[in-house]
Amino acid sequence: MSHTVTVMTRVGCDHCVQAEADVRRICDELGVNWSAEDVDTDPELRAEYGDRVPVILVDGREHGYWKVEEPRLRAALAR
């Protein structure tokens, strides 16, 4: 199964920078497509995710927030 990962992020967020680096490394290793989206570009995204960034989405569903739990993310991407 092909997965996609999205990191909901914002400019100036150090935790977001780390989460993007972790997701990039893991996804690149596994050949999984990923992207980052700035929650502050859309009022709905800011309302939904703004107080918890970074938020990690796997296939459009919330997987976790504040940090990447590597073993858990790898397990989700292996399914």
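The following refers to the structure shown. Since the structure is predicted, the reported quantities are computational estimates derived from the model, not experimental observations.

A few words on the state of the cysteines. Here a disulfide denotes one covalent bond, and it connects the sulfur atoms of two cysteines. For the structure on display, the rule yields 1 disulfide. Disulfide pairing is shown between Cys13 and Cys16; the S-S distance is 2.4 Å. Handedness here is read from the sign of the S-S torsion; for Cys13 and Cys16, about 75°, the answer is right-handed. An identical accessibility class is assigned to Cys13 and Cys16; each is buried. Distance from the sulfur of Cys27, which forms no disulfide, to the nearest cysteine sulfur (Cys16) is 16 Å.

This part takes up helix α1 (residues 14–30). Helix length check: α1, at 17 residues, gives a terminal C-alpha distance of 25 Å against a target of 24 Å (1.5 Å per residue), a fit within 8%. Within α1 the residues assigned to the buried category are Cys16, Ala19, Glu20, Asp22, Val23, Ile26 and Cys27. Buried residues of α1, viewed axially, fall in a sector of 170°; they line one side. Exposed and facing more than 90 degrees away from the buried side of α1 are Asp14, Val17, Asp28 and Glu29. Looking at the packing, one finds that the buried side of α1 touches β1 (4–9), β2 (33–38), β3 (55–58) and α3 (70–78). Where α1 ends, the next residue or the one after it, Gly31, has phi of about 70°, a positive value.

Calculation rules
Residues numbered from 1 in each chain as written. Predicted model: local features only at pLDDT ≥ 70, side-chain atom pairs only at ≥ 80, totals over all residues. Heavy atoms only, no water. Disulfide = S-S within 2.5 Å. Buried < 20%, exposed > 50% of the residue type's maximum accessible area, 1.4 Å probe, protein only. Helix = DSSP H or I, 4+ residues; strand = E, 2+ residues; numbered from the N terminus. Expected span 1.5 Å × (residues − 1). Arc of directions from axis to C-beta. Contact = heavy atoms within 4.5 Å.

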